[in-house]
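For reference, the chains in residue letters:
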Amino acid sequence: MSTFPPLEDQLDLITKGAAEIVPLDALKERIAQSMASGRPMRIKAGFDPTAPDLHLGHTVLIRKLRHFQSLGHTVIFLIGDSTALIGDPTGRNVTRKPLSREEIDRNAETYKEQVFKVLDRDKTEVRYNSEWLDAMGYAGLIGLAAKFTISQMLEREDFHKRFREEQPISVHELLYPMAQGYDSVMLRSDVELGGTDQKFNLLMGRELQRKDGQPPQIVLMTPILEGLDGVQKMSKSLGNAIGIQEPPAEMYGKLMSISDDLMWKYWTLLTDLRASEIAQMQADVASGVLHPMQAKKNLAWAITRDFHSSAAADTAAENWAKQFQQKVAGEDVRVVKIDTEMDIRVYRPSDTQQAAMDCYIKIPRLLQYAGLVSSTSEGTRKIAENAVSINGVKFSGQVEALPRLGKEPLLRVGKKSARIEWVGFLPTDF
């Protein structure tokens, strides 16, 4: 008989980073039943092996599986070797090109090795949905399809959109959500994990389990993880992905290039820190106790360590620091004297408080005075385009606290750079 942490402790870790849980009350009840009976919940996440390599976007679900695993529950890493023959139509405006069985099998083997960089190999149940889908036969397929109507399928947003725009929808694509739902029946899953874009498929599992007389699974959806550009979903085809098999130096360097805003989402979705720990870190950054660059270095180190080792993460961090310093030292950077008495300074929370951490600098105006942009509006636009970095880190805000900028901040806009030398009034504790 298994023992589990208290209900509230489990919920704290399980709900961390979740975008939606359907229904939350049922999850609490299922956890309570598990604790009372000593039976671990069965947690399922499916992955179609449509490409040989996983990236950090894939690991959002895998890490959530690990959270359940760390709490004593049974996690099922489901390889969709049969559903991969169809191809998930989620988010697609055209039918996916089919993969050969040889390609699928080859990719599936690489998935098995990569996933255990996050999950405990000895405590993970690896299954293939070909076990039951290939054995279903013609009669079984007809029986499954008979449980749903075309109108139900067209309720799915991407199918509805393609139908409205008179784009082709192949009949085999309609089978995909049914097959994914049937996986839940065969695995008798208590909880299924998926992205928010998978909601239709995930709810299909609840419907089929209910029709089969099983308690319907709880659906836990995680947010879509944006890639390095901070805008689009992480994808190798978009060139904004970080592969989990990339060398430590590349992984660390790419993580250091993300924006400060995106950093917090990565902390939430790609690490095991509790929400309360991340909130404290954000508070430390806001108060000036922790510099955003150091928070980002800590993130890059932690993720690199998870997929390589502590020693590899240490080396990557040291090499990145050396390269950044050498790059700065090797440049003939203009030094621009900026008088803090000019209209670049603003005090928060009130003009009566003159401490350094209350002094904020208007970055678009600073870029203009440094000669890196022609106007504040251009500065604002460059920031929005993710083209501005301060001290080697991408900047995405409009103001920055003076202590975080430092005494001689290095500004870069595209290929132009300038180092600032402050003159005029400075807070006494700067």
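No experiment lies behind these values; they were computed from the predicted model shown. Residue numbers restart at each chain and count upward from 1, following the sequence in its written direction. Predicted model: local features are reported for residues with pLDDT of at least 70 only, side-chain atom pairs are reported and counted for 80 or more only, and whole-chain, interface and lining totals are derived from all residues. With hydrogens and water excluded, all non-hydrogen atoms of the structure serve as input to the side-chain values.

Right, let's talk about the sheet that holds strand β3 (residues 74-79) for a bit. Two strands qualify as a pair provided that DSSP identifies no fewer than 2 bridges between them. The numbering of helices and of strands both runs from the N terminus, where a helix is a DSSP run of H or I of at least 4 residues and a strand a run of E of at least 2. On the basis of which strands lie adjacent, the open sheet formed by 6 strands has the order β1-β6-β5-β2-β3-β4 and mixed pairing. A single partner strand is all that each edge strand has here, and the edge strands are β1 (20-22) and β4 (124-128). Taken over all neighbouring pairs, the strand axes of this sheet differ in orientation by 25° on average, direction set aside. Taken together, the 3 bridges between β1 and strand β6 (residues 218-222) define a ladder with antiparallel strand orientation. Looking at the pairing, Ile 21 lines up with Leu 220 of β6. To get an axis, fit a line to the C-alpha atoms, keeping to the stretch in contact for a helix; angles then go from 0 to 180 degrees between the N-to-C directions.

A few words on the pairing of β3. The classification of residues rests on relative accessible area computed with a 1.4 Å probe and restricted to protein chains. Under 20% of the type maximum is buried, over 50% is exposed, and intermediate values are partly exposed. Along β3, 5 of the 6 residues are buried, which leaves the element largely enclosed by surrounding structure. Handedness is read with the strands pointing away from the viewer; a crossover is right-handed when the path from the first strand over the helix to the second is clockwise. Handedness of the β-α-β unit built from strand β2 (residues 42-47), helix α3 (residues 56-70) and β3 comes out right-handed.

Okay, the packing of helix α12 (residues 260-270) against helix α14 (residues 292-307) next. Helix-helix packing is described using two parameters, namely the angle between the two axes and the distance between the axes. As a packed pair, α12 and α14 sit with axes 10 Å apart at the nearest point and diverge in direction by 35°. Classified by chirality, the crossing of α14 by α12 is left-handed. Every residue of α14 that contacts α12 at Asp 260, Met 263, Trp 264, Tyr 266, Trp 267 and Leu 270 is listed here: Pro 292, Ala 295, Lys 296, Asn 298, Leu 299, Ile 303 and Asp 306. Under the scheme applied here, ten amino acids are nonpolar (Ala, Val, Leu, Ile, Met, Phe, Trp, Tyr, Cys and Pro), four are charged (Asp, Glu, Lys and Arg), and all others, including Gly, are polar. When grouped by side-chain class, the residues that make up the contact of α12 with α14 number 9 nonpolar, 1 polar and 3 charged. Here is the rule for handedness: rotate from the far helix to the near one, and if that takes an anticlockwise turn smaller than a right angle the crossing is left-handed, while a clockwise turn gives right-handed. Between two residues, a contact is recorded if the distance between any of their heavy atoms is within 4.5 Å.

Attention now goes to the confidence of the model for the chain. When pLDDT is averaged across the chain, the result is 87; 90% of the residues are at 70 or more. The score called pLDDT rates the predictor's confidence residue by residue, from a low of 0 to a high of 100. Averaged pLDDT values for the elements of the chain fall to 63 in strand β8 (residues 345-347) and rise to 97 in β6. Note that residues 349-354 has pLDDT below 50 and, in this model, 6 contacts with residues that lie over four places away or in other chains.

Formed by 65 residues in total, the largest nonpolar core has its most connected members in Leu 56, Phe 68, Val 191, Leu 193 and Tyr 266. Broken down by element, the residue count for this core peaks at 7 residues, all from α12. Contacts of Phe 68, omitting those with residues within four sequence positions, involve Ile 14, Met 41, Ile 43, His 73, Val 75, Val 191, Leu 193 and Leu 220. In this text, buried Ala, Val, Leu, Ile, Met, Phe, Trp, Tyr and Cys residues form a nonpolar core when linked through side-chain atoms within 4.5 Å.

Bringing α12 into the picture now. Taken across its 11 residues, α12 has 8 buried, putting it largely inside the fold. For α12, the set of buried residues is Asp 260, Leu 262, Met 263, Trp 264, Tyr 266, Trp 267, Leu 269 and Leu 270. On the buried face of α12, the contacting elements are α3, α11 (248-256), α13 (275-287), α14 and β11 (393-394).

Here the focus is the packing of α12 against α13. Two elements in contact, α12 and α13, have axes separated by 11 Å at closest approach and are oriented at 160°. In this view, α12 runs roughly antiparallel relative to α13, as classed from their interaxial angle. The way α12 lies across α13 gives a crossing that is right-handed. Every residue of α13 that contacts α12 at Trp 264, Trp 267 and Thr 268 is listed here: Ile 278, Met 281, Gln 282 and Val 285. When describing relative orientation, an angle under 35 degrees is termed roughly parallel and one over 145 degrees roughly antiparallel, while 65 to 115 degrees is termed roughly perpendicular and anything else oblique.

In spatial order, the strands read β7-β14-β13-β10-β11; together these 5 strands make up an open sheet with mixed pairing. Both outer strands of the open sheet, β7 (334-339) and β11, are each paired with one neighbouring strand and no more.

This brings us to the pattern of salt bridges. Within this document, salt bridges are pairs made up of a side-chain nitrogen of Lys or Arg and a carboxyl oxygen of Asp or Glu, the two lying within 4 Å of each other. Evaluated as defined, the whole model comprises 28 salt bridges. A salt bridge links Glu 125 to Arg 42; the shortest N-O distance between them is 3.2 Å. In this pair, Glu 125 is assigned in strand β4 and Arg 42 in strand β2, connecting sequence segments 83 residues apart. One salt bridge in this structure joins Asp 272 and Arg 66, with 2.1 Å as the shortest N-O distance. Here Arg 66 lies in helix α3 and Asp 272 lies in the loop between α12 and α13, a separation of 206 residues in the sequence. Each of Arg 63, Arg 66, Asp 272, Arg 305 and Asp 306 takes part in a single network of salt bridges with overlapping partners.

Tracing the chain through its elements places Ile 43 in strand β2. Look at Ile 43 and you get buried, because its relative accessible area is 0%. Those residues in contact with Ile 43 that lie beyond four places of it in its chain are Leu 65, Phe 68, His 73, Thr 74, Val 75, Ile 76, Val 191 and Leu 193.

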